[in-house]
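Observations on the model geometry
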Amino acid sequence: MQALIYKVFTRKYSLSLQADALQLLSEAIAQNELTAAQAAQWLELLADTWTKREEGRPLVEAGPLRELVAAITAGSDHEAAALAAGGPGQAAGDTADVFTVISAFDVPALWYDPG
């Protein structure tokens, strides 16, 4: 599993892992009895969330990582998505505040008058 952890964190996200952070991730994968595919997906979520939450800090430390693992592992999918989006109050798929859908019939017709 350590090779998979290095592959996701170091190669894909350019993050450096401390030895205790690597041990923490290995233990968390073993405790949750994740398959290799599930572990890869979980590590992707962790690495992506780390880069968004820690403002791209390249050194992964055990303290903040332990909090992140606890939040994602013990929390619901909604909380994990909110963490991945960058904060607890905003979910990743929440676009209601950003976009408004209108009907084509509600748009006023524009006429071009060249003269």
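**Regarding the nonpolar core**
- Ranked by size, the top nonpolar core spans 22 residues in total, and within it Phe9, Leu25, Trp42, Leu43, Leu46 and Leu65 carry the most contacts.
- Those elements giving two or more residues to this core turn out to be helix H1 (2–12), helix H2 (19–32), helix H3 (36–53) and helix H4 (62–74).
- For leucine 46, the contacting residues outside a window of four places in its chain are Phe9, Leu25, Leu68, Val69 and Ile72.

**Here we look at the environment of alanine 37**
- Within the secondary structure, alanine 37 sits in helix H3.
- Residue alanine 37 is classed as exposed on the basis of its relative accessible area, which comes to 59%.
- With 33 residues separating them in the primary sequence, alanine 37 and leucine 4 have C-alpha atoms 10.0 Å apart.

**Focus: the packing of H1 against H3**
- Taken N-terminus to C-terminus, the directions of H1 and H3 make an angle of 35°; their axes are 10 Å apart at the nearest point. Where H1 crosses over H3, the two elements pack in a sense that is right-handed. When H1 is examined against H3, the residues Leu4, Ile5, Val8, Phe9 and Lys12 are found in contact with a partner set consisting of Ala36, Ala39, Ala40, Leu43, Glu44, Leu46 and Ala47.
- By residue class, the composition of the contact of H1 with H3 is ten nonpolar, no polar and two charged.

**Brief notes about H3**
- Between its first and last C-alpha atoms H3 spans 25 Å; for 18 residues at 1.5 Å apiece the expected length is 26 Å, and the two agree.
- For H3, the set of buried residues is Ala39, Trp42, Leu43, Leu46, Ala47, Thr49 and Trp50. Mapping the buried residues of H3 onto a view down its axis gives an arc of 165°, with all of them on the same face. In H3, the exposed residues that point more than 90 degrees away from the buried face are Ala37 and Gln41.

**Quick notes on the pattern of salt bridges**
- All chains considered together, the criterion is met by three salt bridges.
- A salt bridge links glutamate 44 to lysine 12, with the shortest nitrogen-to-oxygen separation between them at 3.2 Å. Taken together, the residues glutamate 44 in helix H3 and lysine 12 in helix H1 connect sequence positions 32 residues apart.
- A salt bridge links lysine 52 to aspartate 48; the shortest N-O distance between them is 3.3 Å.

**Observations concerning the packing of H2 against H4**
- Relative to each other, H2 and H4 sit at 20°, their axes nearing to 9 Å. Between H2 and H4, the interaxial angle falls into the category roughly parallel. In this structure, H2 meets H4 at a crossing whose hand is right-handed. Mapping the contact onto sequence places Asp20, Ala21, Leu24, Leu25, Ala28 and Asn32 in H2 and Ala62, Leu65, Arg66, Val69 and Thr73 in H4.
- Its residues assigned to classes, the contact of H2 with H4 shows seven nonpolar, two polar and two charged.

Conventions we followed
Residues numbered from 1 in each chain as written. Predicted model: local features only at pLDDT ≥ 70, side-chain atom pairs only at ≥ 80, totals over all residues. Heavy atoms only, no water. Core = buried A, V, L, I, M, F, W, Y, C linked by side-chain atoms within 4.5 Å. Buried < 20%, exposed > 50% of the residue type's maximum accessible area, 1.4 Å probe, protein only. Helix = DSSP H or I, 4+ residues; strand = E, 2+ residues; numbered from the N terminus. Contact = heavy atoms within 4.5 Å. Axes fitted to C-alpha atoms, helices over the stretch in contact; angles between N-to-C directions. Left-handed = near helix turned anticlockwise from the far one by under 90°. Nonpolar A, V, L, I, M, F, W, Y, C, P; charged D, E, K, R; others polar. Expected span 1.5 Å × (residues − 1). Arc of directions from axis to C-beta. Salt bridge = Lys/Arg side-chain N within 4 Å of Asp/Glu carboxyl O. Parallel < 35°, antiparallel > 145°, perpendicular 65-115°, else oblique.

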